[in-house]
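Listed below, chain by chain, are the residues.
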Amino acid sequence: MHSAGYRTNAVLTMAGTMLLVLCFLVASTDMFHRSSPSGTVEIAKWHKFESSRGNDEAVMSFAANFDLSSCFSWNTQQLFTYIKLEYETENHKRSEVTVWDGIVRNSEHARIYTEALPNKYKLVDHGRGLRGQPVNVTLAWNVMPFVGKLSYSEMRFPAHFPKEYLGA
């Protein structure tokens, strides 16, 4: 006859194996989900664009109209969404600055339409090379499932920094 410890070990090993197989099956079914997000993000207004202590600083608001509800499946826990600005200067060949972020917990809140979405974080670039430079306004999102692999997608929209500094 087997001891209680041996029986407990067998039951817990079987339960762990079954849980692992179930998680694998859940993650593999979500691999076939295809999303089709749509939208646009534009810089609606530059509230501040100035040089401060040798650095360019900017505060802006965005006209955002996007629908990420197709990114949700039955295995999606939440989306981490953010808007970043991507640009190049003479001193820095590639710069990415996150200026807004948010967490979307369900598909009902995945549709955002606003004419004046303010940035959460101001843009500060080391140097004075942003005037008139091209910039990509990028809407990016990470899909965080309950079980499985994280995924990342983004949409880019071209824009330009103002040609001259603006006051506060």
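Criteria and thresholds
In this numbering scheme, every chain counts its residues from 1 along its sequence in written order. In keeping with the model being predicted, local features are shown solely for residues with a pLDDT of at least 70 and side-chain atom pairs are shown and tallied solely at 80 or more, while totals for entire chains, interfaces and linings include all residues. With hydrogens and water stripped out, all remaining heavy atoms of the structure feed into the side-chain values. A pocket here means an open set of points on a 1 Å grid, computed over the protein atoms alone, that has protein on both sides within 12 Å along at least five of seven lines. A cavity is instead a set of points where a 1.4 Å probe fits but cannot get out; residues with an atom within 4 Å of a point line either one. Grid points are joined across faces, edges and corners, and a volume is the space filled by probe spheres set on the points. Secondary structure is summarised from DSSP: a helix means a run of H or I of at least four residues, a strand means a run of E of at least two, and numbering begins at the N terminus for each. Amino acid classes used here: Ala, Val, Leu, Ile, Met, Phe, Trp, Tyr, Cys and Pro are nonpolar; Asp, Glu, Lys and Arg are charged; the rest, including Gly, are polar. The set of buried Ala, Val, Leu, Ile, Met, Phe, Trp, Tyr and Cys residues whose side-chain atoms join them within 4.5 Å is what this entry labels a nonpolar core. The buried label applies to any residue whose accessible area, calculated with a 1.4 Å probe on protein chains only, is under 20% of its type's maximum; exposed applies above 50%, and partly exposed to all values in between. Pairs of residues are marked as contacts when any of their non-hydrogen atoms sit within 4.5 Å. By this rule, a helix spans an expected 1.5 Å times one less than how many residues it contains.

**Q** What exactly am I supposed to notice about the layout of surface pockets here?
**A** Where empty space is left becomes clear once a probe the size of a water molecule has been rolled over the atoms. Volume-wise, the largest pocket comes out at about 440 Å³. Forming the walls of the largest pocket are 21 residues, and the residues nearest its centre are Asp30, Met31, His33, Lys149 and Ser151. Going through the elements one at a time, helix 1 (4-30), strand 7 (134-145) and strand 8 (151-160) are the ones with two or more residues in the lining of the largest pocket. Considering every element that reaches the lining of the largest pocket, the biggest residue donor is helix 1, with four residues. When the residues that make up the lining of the largest pocket are grouped by side-chain class, the tally is nine nonpolar, nine polar and three charged.

**Q** Just checking my understanding: could you explain the nonpolar core for this structure?
**A** Side chains of a nonpolar character, in soluble globular proteins, are inclined to be buried together. By size, the foremost hydrophobic cluster in this structure holds 33 residues, and its most contacted members are Val41, Phe62, Ile83 and Leu123. Those elements giving two or more residues to this core turn out to be strand 1 (38-52), strand 2 (55-67), strand 3 (76-87), strand 4 (95-104), strand 7 and strand 8. Those residues within four positions of isoleucine 83 in sequence are excluded, and the remaining contacts are Val41, Phe62, Val97, Thr98, Val99, Trp100, Leu117, Val137, Thr138 and Leu139.

**Q** Can you help me understand helix 1 in this one?
**A** Under the 1.5 Å per step criterion, the end-to-end length of helix 1 is 39 Å for 27 residues, consistent within 8% with the ideal 39 Å. Along helix 1, the residues that are buried comprise Val26, Ser28 and Asp30.

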